[in-house]
Each structure stands twice: as C-alpha cells, then as structure tokens.
Number of protein chains: 2
Amino acid sequence: MAGPKRLTQHDIAKLAGVSQATVSLVLNGAPTALARIPQETRERVQHVIRTTGYVADPIARRMAKGLNRILGVFTYEPAFPSEQADFFTPFLLGIEEEAQAQNYDLLLLTGAGVGKDRKIFADGNRLRIADGCLVLGREFDRAELKRLVLGDYPFVAIGRREDAGEPVPYVGGDYTSGTRALVEKARGLGHEKLAYIGPSGPAESIADRWNGFSAAARDGAEPVLHIDAVDRPAGEILDALFASGATAAFFVELADAVRVEVAARERGLSLPGDFSAVVLGSHIRAERSHVQFTSFNIPREEMGRQATAMLVRRIEGAAPVEQILLTCEPVEGETLGPAKKRT
Amino acid sequence: MAGPKRLTQHDIAKLAGVSQATVSLVLNGAPTALARIPQETRERVQHVIRTTGYVADPIARRMAKGLNRILGVFTYEPAFPSEQADFFTPFLLGIEEEAQAQNYDLLLLTGAGVGKDRKIFADGNRLRIADGCLVLGREFDRAELKRLVLGDYPFVAIGRREDAGEPVPYVGGDYTSGTRALVEKARGLGHEKLAYIGPSGPAESIADRWNGFSAAARDGAEPVLHIDAVDRPAGEILDALFASGATAAFFVELADAVRVEVAARERGLSLPGDFSAVVLGSHIRAERSHVQFTSFNIPREEMGRQATAMLVRRIEGAAPVEQILLTCEPVEGETLGPAKKRT
DNA sequence: ATTAGCTGCTAATGCGCATTAGCAGTCAAG
DNA sequence: CTTGACTGCTAATGCGCATTAGCAGCTAAT
C-alpha cells in the first residue's frame, strides 16, 4: 500500500553505529546537549544523513515537539483557477518570500470540499499539520472564523476581519482611508454629486469601501446614486448615472468600470471629459483595458509578507493579537478630472 | 490563545467509563470489532464525544496510520514571482485540483537557495517531508534527476525527460507532433522554404520542437534558415528571413514572434500576406499582442492533473514508471496563410 | 582514596491515536 | 461439569520523533 518505506532515525542510527537518540540530538539538539557529542561522531551521523537524504517525518516531529517549520495556507476558494489566480498570486508571492526568509515551508491546504465548498474544519481537519495557518479568501465563514479565534491554533487572516468572539489577528489593506482619499480628491476637483457602483455584501472589504465613501461624501459632496446590482447592463448603469446628475462614479469592481467606459465610448463620451470614474482598488490585470483608471493600490505582496511574519511571531512567541492595516496608495490614473458642469 | 488543553481519547474514555481503545473503536473501528460493542456503550461514548465536542487529533491519526497525504511540489525557479507566475500557474491549477480530489495537501518547497540556484538536494532539503513529489521547471539538473530516478522516493516530472540512468516518470506535452502538424499544415499551404527561429539548448522541450520541425520539413519542405540566437534585433531577424527566401517562420518563443511581427508591420508588411508566422507553443498571455498567432496549445492544466494522479498512483501502489505525452491541439490563429510567391 | 566533575553516549518515556492480542465472564452444547 | 464459542471489553504495542535521566569510564582535585 504505502510505497517504499521512509527512512527513520533508527535506520540512520544503525548505519552510523549510534543510537536513535544521538541522531536526533545531532539533528537538532540543544547547544548544551550538542556540546557533549564530539565532532567526529557528529560528522559521521551527518554524513549518513546526507548520503541517504534522510529528512525527519514532519508528522512525527510535530507529534513529539509540536512544531515542524511548516506554515499552512488555507484559501476559501481554490488558489489557482485562472479567475482566482490573479487575485491570489500576489499574496502567495509575498507569503512565499517571507516564508523562505524565515525558513518555513508552505503547505497549501487543499481543503476537503470540492470547489466552492471549502471548509477549514472539514473532515479530520488537516490544518494542524502546519504550525500555524494563513487564511485568505474574499468571504469567510463566520462560524469557522469564530472557532479558529476561540481555539488555540495560531492563525492570521489576510484582509481585515471583524471580531468573531475575540479580535481576529489580521493584515489587511486600509480600503476605508484609500477610498476616502479618492473621494476627497474628487471633491477637490469640484465633484459634488457622486455615484457609488458596486455590491454591498457583508464582506469587510466591501463594507470598508462603502464606509470610506459615505463618510467622506457626507461632509462636502453628495452621494446621489448607489447601484447595488452589478450584473446590470453597462448602458443601464450609464443611464442611471446621468439621470442622477452625478459627475463622478466610484466603482468597486474594475470590471464594471471597464464595461461602463466602453459603453460610454460607444456613445461618443470620453473620460474624464464627460464624467470621472474611480476604481476602489488596484487593477488585477491592467492590460485588459487600455484605460488607466484612477484608483488606489492594494499592496498584496506586502500583505502576504507581513501576515506571514505576524504568523511566525505568533507561533514562535505566542505574540498578542495584532491588527495591521496597510496604506493603499492612490493611483493617479487618467479617469478623474475636474467636474463638468451639467445643465 | 489561552485555551483548555485539547481533549484526548483518554479524557473521553474516563468520562464515559471505558478505555481509550474503546473510544477509538467507537469512533472508527472495523465493523467486525464494532459488532462486539453493544449499542448501549456506543451511545454512552458518542454522547460524551458530542457534549465535549471532541475531535481526534489528525496528526496523531496520521502518525498511527503512517500516511501524511502530502504531495511536494518542487519548482526549479520560484513559482510566484510575476514573470514566472504565468508559466507555473496553469500547472499549479491542475495540480491543486487533482490533489484536492485525491485528498492530498500540497507542500510548496520554497527551496533552500534563493533565486536561480535551487537544488533539490541542497542540504536542509525538505523534499522528503512529502510522501512524493512533483518536479517542474524549464531546465532540470541532470545530476539531480539521475539521483532522483535511482532513489526510491516517488516523484513525477512535468514535461518530457530523457532517461537519466533509468526512465523518468513524466507527463509532458507532445511538442514533436504538435510542431510536425503545424509544419505539415504550412506545407499544405504551399510553403516550401521554412525558417526556424529559436534557441537550441539541451532542454527536452526545445529539442522536441526542433525534432518535430526537422523531421516534418525534411520530406517536402526545405529548412532554409535557422536562427539560434534570440536576442537579435527584430529587424535583423526579418532581414535574414527575407534573404533566405523563407515564406514561413516558426518561432519557439512567442515574444520573438511578437517582436518580429511589430517590426514587419512597421515596414508596411502584413501577416500572413507577406509571410506566415507560426508559434510553437501556446501563448501565455495572448492579450499582450493583438495578433492571434497560429500555434499549438499546451495543455498545462491537464498536465498538472495527470502528473498528480500519476504521483498518487506511485505513492499508493508503487505503480510502474509511466510516461505520458499529451496531445497539443493546433490553434488556428491568423498568421498562417498560403505561401506567397517570391521573386 | 575518595569525591567531584566531565565526557560520550543510550535507555526510556511520551505525544494521541489505531490496532491486535487476549482476558474474564456467560451460555449452550455435549 | 467440561468444553467451546461467543460477548464485552481492555492492556499493550507501535507509529517516528524529541527529550530527559542517567550510566560507565575517565581525570583532576581534595
């Protein structure tokens, strides 16, 4: 059933003419213990290890000591499918980088459920193979999050998360401030009637954008339109936009902005001449559109890096819960201009 | 962080007034063993389990069973940095999908060396943490491959590999046939003088394309130009192309084809009117060019899936070495047309 | 000569579970 | 009243490792 059986420390011990305990000590004994094993013996053991390619079984290691220098990465959606890949890849890049720097390996938890129905705590919960775990995904299962928070397994979320019983450790992007800055910029350019186009789900990332928008809009500008449904035809959105008298439109999704821009162009309108458009987040694939939208940047790689560092801190030092929001720098772009006077 | 110590079967046993073994049996004993535990006892145990919320520690479980259900993924280049991401992502997608289906987790080996200097057997090598391993990358280190093949650690390469001491288990793309088909198609359109533009390294993927090209070209068409160096200016390549009298150019790298096409357009030439161009492989990011080149598709996702399945077979059943080449379907494109008569 | 201290190792134990051998009791058949 | 079969459970072991206690042999100091 099981393929060729693994080498064990016992095998190494026999080959080196020592005991299993000695092999373990050579491998990772405390300095005080190591000092009592002469150079000669250590080298003999090391040599056998090197020639056989022996590596300690992570499961056993974790069993005995509780740590194995492996970080789990759990994604609520499969990480690589092409629609998702562009979303997850930058995070993974940052994570991989930092993990390597900290000398941890990454265990990609494929989850038990198929496709969309992933659950952390599904069958036999393999989570604990790793020393700790990063959790990412657009939508979190609140019940699972709560269970995680209340448990004693170290984890860090990527993306801001509301308290779930207790505060959730996370590294997120400061969408609220990013959005507010853009709204203020628009106001500075004379925009007084603003449209908000995007979903309004319970997800924190969505809520933050909306909060930033409405907070900034309230004092100075006027939100005149809020289109929730995103599957509406671009032409319809455009119509609503003009009917409302808005001079600037804030899009949560780049895709919507692109669609609306295309529709506008077809009508002979241009941005930002006829109206301004702002996207609340960085473009995943900028090259798909030839328009460089005004927006803010989401520092995904940096989020991955910092989340990883935070997780390691929690694993190694039982650090207190931290919550970090990274600044989302504005992206100048070319779709936000002075407000056009309408009649 | 603070939490009561994890419950163990021992705790459950005490609460239910039975032994640890009984708890384990109730939880997942063989039917024959279960038959000997009366309903009443089972219910008592189940009740305690339910009220305490006990869940078996998956680590200990795997430890006892002897299987980790972890697949390693080793890449010869870091997988996520953006230049590489487009290359690796489709493979990873397939791998993740199949791993999930087979209920394995993925261990991404971040590699010891940073950047280009990755080695599988670098010391501190954590390869064997996993039950088996997938190896991918454009260029393999032959010495390492040999060591892998001769060892008894289950692995599967992605991409065809020459024997290295013994046959290498792999799942690759059939570039030879893919290339041959395209050459034959060109011949059918009247192309008799063909150019081959691309490197000719030792890598199997490169060799296969060249073999397919020269085999197909030999009977019917005539290879009249072979440009190895790829860093030459596009204009120069174009000059050489015309000087040779070739009516169709076969590019190994999409990037070269794009450059040459741009240069041609600048000279007022058009494809496939003035000459035909064929790319030997699928476009990683087609949208970067507005020209849809005639080429063949590399089924990267499927390669990932099948390689994963093959690896699982080897791990679980010690299956014999398999070598699979997947068909690379032609991509019609718009750059291959009838040969133009030259003077 | 005894003690104390050091060196170079190893035996033993436990992590939480799965699994097997087997014990004590009951009951029916011979 | 003995044997055998069956019932209802438990003790014991091992998975591969980390870790601790401690043993035997030696030297230096008292």
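Residues numbered from 1 in each chain as written. Chains lettered and ligands numbered in written order. Predicted model: local features only at pLDDT ≥ 70, side-chain atom pairs only at ≥ 80, totals over all residues. Heavy atoms only, no water.

Chain A is annotated in an unreviewed UniProt entry as Transcriptional regulator, LacI family of Xaviernesmea oryzae.

Observations concerning the environment of Asp174 of chain A
All names here are of chain A. Looking at the secondary structure, you find Asp174 in the loop between β5 (170-173) and α8 (175-188). Expressed as a C-alpha distance, the spacing of Asp174 and Cys328, which sit 154 residues apart in the sequence, is 6.0 Å. Apart from the residues within four sequence positions on either side, Asp174 is in contact with Leu325, Leu326 and Cys328. Here Ser177 takes part through its side chain, which lies 2.7 Å from a polar atom of the side chain of Asp174. (Helix = DSSP H or I, 4+ residues; strand = E, 2+ residues; numbered from the N terminus. Contact = heavy atoms within 4.5 Å. Polar contact = N/O pair within 3.5 Å; in protein donor to acceptor, adjacent residues only side chain to side chain.)

Observations concerning the pairing of strand β1 (residues 70-75) of chain B
Residue and element names in this part refer to chain B. Where burial is concerned, most of β1 is hidden: six out of the six residues are buried. Here β1 shows two buried faces, one formed by Ile70, Gly72 and Phe74 and the other by Leu71, Val73 and Thr75. With five bridges connecting them, β1 and strand β2 (residues 105-109) associate as parallel partners. Paired with Phe74 across the bridge in β2 is Leu109. (Buried < 20%, exposed > 50% of the residue type's maximum accessible area, 1.4 Å probe, protein only. Pairing = 2+ DSSP bridges.)

What about the protein's contact with DNA strand D?
Near DNA strand D, the surroundings consist of 24 residues, among which Asn28 and Tyr54 of chain A together with Thr22, Arg36 and Pro38 of chain B are the closest. The backbone of Ser19 of chain B places a nitrogen or oxygen atom 2.9 Å from a phosphate oxygen of DNA strand D. The side chain of Thr22 of chain B places a nitrogen or oxygen atom 2.6 Å from a phosphate oxygen of DNA strand D. Elements represented by at least two residues in the surface near DNA strand D include exactly α2 (20-28) and α5 (58-65) of chain A together with α2 (20-28) and α5 (58-65) of chain B. Here the residues of the surface near DNA strand D are counted per class, giving twelve nonpolar, eight polar and four charged. (Near = heavy atom within 4 Å. Nonpolar A, V, L, I, M, F, W, Y, C, P; charged D, E, K, R; others polar.)

Concerning the sheet that holds strand β8 (residues 248-251) of chain B
Residues and elements named next belong to chain B. Pairing is mixed across the open sheet formed by six strands, whose spatial order is β7-β6-β8-β9-β10-β12. The sheet is open, and its two borders are formed by β7 (222-227) and β12 (330-331), each paired with just one other strand. Two elements, strand β6 (residues 193-197) and β8, share four bridges in a ladder whose sense is parallel. Residue pairing across strands places Leu194 opposite Ala248, the latter belonging to β8. Helix-sheet contacts for helix α9 (residues 204-218) involve β6, β7, β8 and β10 (294-296), and the interaxial angle to β6 is about 175°. Contacting β6, β7 and β8, helix α10 (residues 234-244) crosses the sheet at an angle of about 160° to β7. (Axes fitted to C-alpha atoms, helices over the stretch in contact; angles between N-to-C directions.)

Description of the protein's contact with DNA strand C
Taken together, the neighbourhood of DNA strand C is formed by 25 residues, with Thr22, Arg36 and Thr41 of chain A together with Asn28 and Tyr54 of chain B sitting nearest. Taking all atoms of DNA strand C within 4 Å of the protein, the share assigned to sugar and phosphate is 48%. A distance of 2.9 Å separates a phosphate oxygen of DNA strand C from a polar backbone atom of Ser19 of chain A. The separation between a phosphate oxygen of DNA strand C and a polar side-chain atom of Thr41 of chain A is 2.6 Å. Among the elements of the structure, α2 and α5 of chain A together with α2 and α5 of chain B are those that each provide at least two residues to the surface near DNA strand C. For the surface near DNA strand C, the leading source of residues is α2 of chain B, giving five residues.

With respect to the sheet that holds β1 of chain B
Taken together, twelve strands build an open sheet; the order of strands is β11(A)-β5(A)-β4(A)-β3(A)-β1(A)-β2(A)-β2(B)-β1(B)-β3(B)-β4(B)-β5(B)-β11(B) and the sheet is mixed. The sheet is open, and its two edges are formed by β11 (323-326) of chain A together with β11 (323-326) of chain B, each paired on a single side. Taking each pair of neighbouring strands and ignoring which way they run, the sheet shows an average axis angle of 20°. Two elements, strand β3 (residues 132-136) of chain B and strand β4 (residues 155-158) of chain B, share three bridges in a ladder whose sense is parallel. Note on β4 of chain B: the bridge partner recorded for Val135 of chain B is Ala157 of chain B.

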